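What the coordinates show
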Amino acid sequence: MKSRNELILVGDRVLISLDKEQARTEFGLYLPPGVKEKEKVRGGYVIRVGPGYPLPDPTSINDEPWFAKSKPDIKYMPLQAQAGDYALFLSNSAIEIEFEGRKYVVVPHSAILVLVRDNLSGLDLDS
């Protein structure tokens, strides 16, 4: 029986499967030759996202000895990126990894420049 491993992303990290090196993405986004030569910007599909930015615990201000301390549920501010999105990101912030024979990059959410999501029905981008 084969054991199945799982990647768990921490905080604001995003797991991306790199796109083939092209000057134009399938969504019609063109990357200028100067950018491609220096590889400052790369693209790929979002596979998985971390839980987001941790929010401060409002009960931490009650540090009195008589205050009953229980382990609070950690709450997170979710990220904009979702699995299935196409992301353009700054490659100098990416960390390349290999997991179960496939190559990915882990990128902080702040390094993502643009997300392309195909379920934007009803949204008029020209107005």
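The structure under discussion appears in the preceding block.
One numbering rule holds for all chains: residues counted from 1, following each sequence as written. Whole-chain, interface and lining totals are the exception, using all residues; otherwise, since this is a predicted model, local features are given only for residues with pLDDT of at least 70 and side-chain atom pairs are given and counted only at 80 or more. With hydrogens and water set aside, each side-chain value is computed from the structure's full complement of heavy atoms.

1. Some remarks on the side chain of Arg42
Mapped onto the elements of the fold, Arg42 is located in strand 2 (residues 41-49). Any pair of nitrogen or oxygen atoms within 3.5 Å is treated as a polar contact; in protein, a donor-acceptor pairing is required on top of that, and neighbouring residues in sequence qualify only through side-chain atoms on both sides. A distance of 3.4 Å separates a polar atom in the side chain of Arg42 from a polar atom in the side chain of Glu96. Here a strand is any run of E in DSSP of at least two residues, a helix any run of H or I of at least four, and the numbering for each starts at the N terminus.

2. Thoughts on the sheet that holds strand 5 (residues 86-90)
In space, the six strands of this open sheet follow the order 6-7-1-2-5-8, with antiparallel pairing throughout. Strands at the two margins of the open sheet, each flanked by one partner only, are strand 6 (95-99) and strand 8 (112-116). On average, adjacent strands in this sheet sit at an angle of 40° to one another, irrespective of strand direction. Only strands joined by at least two bridges in the DSSP assignment are considered to pair. For helices, the axis comes from a line fit to the C-alpha atoms of the stretch in contact; other axes are also lines fit to C-alpha atoms, and the angle between any two N-to-C directions lies between 0 and 180 degrees.

3. Some points on the side chain of Asp85
Inspection of the secondary structure assignment puts Asp85 in the loop between strand 4 (76-77) and strand 5. Exposed residues in this analysis have more than 50% of their type's maximum accessible area, buried residues have under 20%, and partly exposed residues fall in between, with area computed by a 1.4 Å probe over protein chains only. With relative accessibility at 2%, the residue Asp85 sits in the buried group. A polar contact of 2.9 Å, which involves the side chain of Asp85, links it to the backbone nitrogen of Gln82. Apart from residues no more than four positions distant in its own chain, Asp85 is found in contact with Gly44, Tyr45, Val46, Gln80, Leu115, Val116 and Arg117. Contact definition: two residues touch when any of their heavy atoms are within 4.5 Å.

4. Remarks on the environment of Gly43
Structurally, Gly43 is set in strand 2. What makes Gly43 buried here is its relative accessible area of 10%. Along the chain, Gly43 and Ala87 lie 44 residues apart, while their C-alpha atoms are 5.5 Å from each other. The contacts of Gly43, once residues within four sequence positions are left out, are Leu18, Asp19, Tyr86, Ala87, Leu88 and Phe89.

5. Notes on the pattern of salt bridges
A carboxyl oxygen of Asp or Glu within 4 Å of a side-chain nitrogen of Lys or Arg is what we treat as a salt bridge. Applying the stated criterion to the full structure yields three salt bridges. Among the ionic pairs, Asp12 bridges to Arg13, the shortest N-O distance being 2.5 Å. In this structure, Arg42 and Glu96 form a salt bridge, with 3.4 Å as the shortest nitrogen-oxygen distance. Taken together, the positions of Arg42 in strand 2 and Glu96 in strand 6 put the pair 54 residues apart, joining distant regions of the chain. On the basis of relative accessibility, which here comes to 13%, the residue Arg42 falls in the buried class.

6. Some points on the packing of aromatic side chains
Working definition: rings of Phe, Tyr and Trp (its six-membered ring) pair if their centres are within 6.5 Å, and the pair is stacked with planes under 30 degrees apart, edge-to-face with planes over 60 apart, and tilted otherwise. Tallied over the full model, the rule gives one aromatic pair. Summarising the aromatic geometry, the rings of Tyr45 and Tyr86 are spaced 5.2 Å apart at their centres and angled 75° between planes, so their arrangement reads as edge-to-face. With Tyr45 in strand 2 and Tyr86 in strand 5, this residue pair connects regions lying 41 residues apart in the sequence. Taking relative accessible area as the criterion, Tyr45 reaches 26% and is therefore assigned partly exposed.

7. A word on the nonpolar core
To define a nonpolar core, start from buried Ala, Val, Leu, Ile, Met, Phe, Trp, Tyr and Cys residues and group those joined through side-chain atoms within 4.5 Å. Membership of the largest hydrophobic core is limited to 12 residues, which are Val14, Ile16, Val46, Leu79, Ala81, Ala87, Phe89, Ala94, Val105, Val107, Ala111 and Ile112. Non-local contacts of Val107, meaning those with residues more than four positions away in its chain, are made with Asp12, Arg13, Val14, Ile16, Phe89, Ala94 and Ile112.

8. Digging into unusual backbone geometry
Its identity as a non-glycine residue notwithstanding, Glu100 has a phi of 50°, on the positive side. In this fold, Glu100 is placed in the loop between strand 6 and strand 7 (102-108).

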